[in-house]
Amino acid sequence: MMFANCLRTAAVLVVLITAPLPATAATVTTADTKALTAKLEVADVLAKPPGLYENLATEGRRWLSQNRAEAEKAYKDDPSDFADGRRWTFERTYTQVSAVGRYVGVLRRDYVYSGGAHPNTVLDTILWDSAMKRRISVRPFFTETGDGGPTMTALAAAIRAAVRAEKKARGIEVADDPAKDDWVSAIEPKLLGLGPLVPIGSTVPGKSGGLAVFFSPYAVGPYAEGSYTVVVPWRTFERFLSDEGRALFAGDPVPPPKDE
């Protein structure tokens, strides 16, 4: 009987997760079973850029489906781990950070609890090219982006300094030399080592004022410190910009809301 009930709840979850999502307006997809609660949200403004909504919804559905399978397997293997109403939780939200010309900056925020002392939050960014209808990196905005090269070295130094300043503002002890701080030194001079970054808005309409970097808990500090959002003004890296980058950046940065 219990096995049959598990099959029914699993079937309901599959329907909830794989059902077609609307191509317009805000999306909220939820699931609720004995093993887990799950939710996918895509901000309604992200339905405007061509192709972006569908791209995010597809990724989100896949993520939820993978986690559903793991939760259902864990429940089947040992239901006692889910006693007293305990369940795993998976929540993913996509929100817009910026819209600069053809480029849209997106923050992806995952909230995950699968047992343990506390839940975890994972932040990442997506840069969408509305003209090409695909995700891109910031590489085209710079003349060179080699690991350990001048651009990455300058960006790593600027981001480390910004994180150090934010830690000091919170009253958190940090080494005077960011390169000698065990946490801050994790920011490396390579594109995938800088942290999740994305262009942000500017005081000049239609331009970007710099880059925002979003760090998850544990990325540059202990879990208790929470997440960090820092901003690097474009003039910090102006000398490394390509023609495409020079056309994108101007003015002063308008910082995005900090992730809570």
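Since the model is a prediction, treat every value here as computed from it, not as a measurement.

### What about the UniProt feature "domain: DUF3298" (unreviewed entry) in the protein?
The UniProt feature table records "domain: DUF3298" (unreviewed entry) at residues 208-234. Between the C-alpha atoms that bound residues 208-234 there is a distance of 8 Å. The span itself is 0% helix and 52% strand.

### A closer look at the packing of aromatic side chains
All chains considered together, the criterion is met by 9 aromatic pairs. Plain terms: the ring middles of Trp 63 and Phe 90 are 6.1 Å apart, the flat faces sit at 85 degrees to each other, and that makes the pair edge-to-face. One end of the pair, Trp 63, is in helix α2 (residues 52-77); the other, Phe 90, is in strand β3 (residues 88-100), and 27 residues separate them in sequence. By the burial criterion, Trp 63 is buried, and Phe 90 matches it. Aromatic side chains Tyr 218 and Tyr 223 sit 5.5 Å apart centroid to centroid with 40 degrees between the ring planes, which places their arrangement in the tilted category.

### Some details on the sheet that holds strand β10 (residues 253-254)
For sheets, the rule is that strands pair by backbone hydrogen bonds, running either parallel or antiparallel. Reading across from one edge, β9-β8-β7-β10 is the order of the 4 strands in this open sheet, with antiparallel pairing throughout. Both edges of this open sheet fall to β9 (228-233) and β10, since each of them pairs with a single strand only. In this sheet, β9 lies alongside strand β8 (residues 208-215) in antiparallel orientation, the contact comprising 6 bridges. Following the sheet pairing, Val 213 is matched in β9 by Val 230. The sheet contacts of helix α3 (residues 150-169) involve β8 and β9, and relative to β9 the element is tilted by about 130 degrees.

### Re the confidence of the model for the protein
Atom-level detail of predicted coordinates should not be read off regions where pLDDT is low. For the protein, the mean per-residue pLDDT works out to 88, and 88% of the residues sit at or above 70. Across residues 1-25, where pLDDT falls below 50, the model places 39 contacts with residues more than four positions away in sequence or in other chains.

### Some details on the environment of Trp 234
As for its position among the elements, Trp 234 is in the loop between β9 and α4 (243-248). The spatial distance from the C-alpha of Trp 234 to the C-alpha of Gly 245 is 9.6 Å, given a sequence separation of 11 residues. Not counting the four nearest positions on each side in its chain, Trp 234 is found in contact with Ser 208, Gly 209, Gly 210, Leu 241, Phe 249, Ala 250 and Gly 251. Only 2.8 Å separates the side chain of Trp 234 from the backbone oxygen of Gly 251, close enough to count as a polar contact.

### Let's talk about the side chain of Thr 125
Structurally, the position occupied by Thr 125 is in strand β5 (residues 120-129). On the basis of relative accessibility, which here comes to 14%, the residue Thr 125 falls in the buried class. For Thr 125, the side chain forms a polar contact with the main-chain oxygen of Leu 197, separated by 2.9 Å. Residues within four places of Thr 125 in sequence aside, it is in contact with Val 106, Leu 107, Pro 196, Leu 197, Val 198 and Phe 214.

### Overview of the nonpolar core
In this structure, Phe 142, Ile 159, Phe 215 and Phe 237 are the most contacted members of the largest nonpolar core, which totals 42 residues. Among the elements of the structure, β3, β4 (103-113), β5, α3, β7 (197-202), β8 and β9 are those that each provide at least two residues to this core. No other element matches α3, which puts 8 residues into this core. Ignoring sequence-local partners within four residues, the contact set of Phe 215 consists of Leu 123, Ile 159, Val 163, Ile 187, Leu 194, Gly 195, Val 220, Ser 227, Tyr 228 and Val 230.

### Some points on the pairing of β8
Across the 8 residues of β8, 8 count as buried, placing the element largely inside the fold. In this sheet, β8 lies alongside β7 in antiparallel orientation, the contact comprising 5 bridges. By the bridge assignment for β8, Leu 197 is matched with Val 213. A loop of 5 residues connects β7 with β8, the two strands running antiparallel in sequence, and Gly 206 in this loop sits at a positive phi of about 80 degrees.

### With respect to the side chain of Ser 202
Relative to the helices and strands, Ser 202 is located in strand β7. With a relative accessible area of 14%, Ser 202 lands in the buried category. A polar atom in the side chain of Ser 202 sits 2.9 Å from the backbone nitrogen of Val 204.

### Side note on the pattern of salt bridges
For the structure on display, the rule yields 16 salt bridges. Among the ionic pairs, Asp 77 bridges to Lys 73, the shortest N-O distance being 2.8 Å. Remark: Lys 73 and Asp 77 occur in helix α2; sequence separation between them is 4 residues, near one turn of the helix. We classify Asp 77 as exposed; its relative accessible area is 53%. Accessibility expressed as a relative area gives 52% for Lys 73, which makes it exposed. The shortest N-O distance in the salt bridge between Arg 246 and Glu 238 comes to 4.0 Å. One connected set of salt bridges, linked through shared partners, spans Glu 59, Arg 92, Arg 108, Asp 110, Asp 124 and Arg 135.

So, how was this worked out
Residues numbered from 1 in each chain as written. Predicted model: local features only at pLDDT ≥ 70, side-chain atom pairs only at ≥ 80, totals over all residues. Heavy atoms only, no water. UniProt positions renumbered as here; feature names shortened; annotations may be inferred. Helix = DSSP H or I, 4+ residues; strand = E, 2+ residues; numbered from the N terminus. Phe/Tyr/Trp six-rings, centres within 6.5 Å; stacked < 30°, edge-to-face > 60°. Buried < 20%, exposed > 50% of the residue type's maximum accessible area, 1.4 Å probe, protein only. Pairing = 2+ DSSP bridges. Contact = heavy atoms within 4.5 Å. Axes fitted to C-alpha atoms, helices over the stretch in contact; angles between N-to-C directions. pLDDT = per-residue confidence, 0-100. Polar contact = N/O pair within 3.5 Å; in protein donor to acceptor, adjacent residues only side chain to side chain. Core = buried A, V, L, I, M, F, W, Y, C linked by side-chain atoms within 4.5 Å. Salt bridge = Lys/Arg side-chain N within 4 Å of Asp/Glu carboxyl O.

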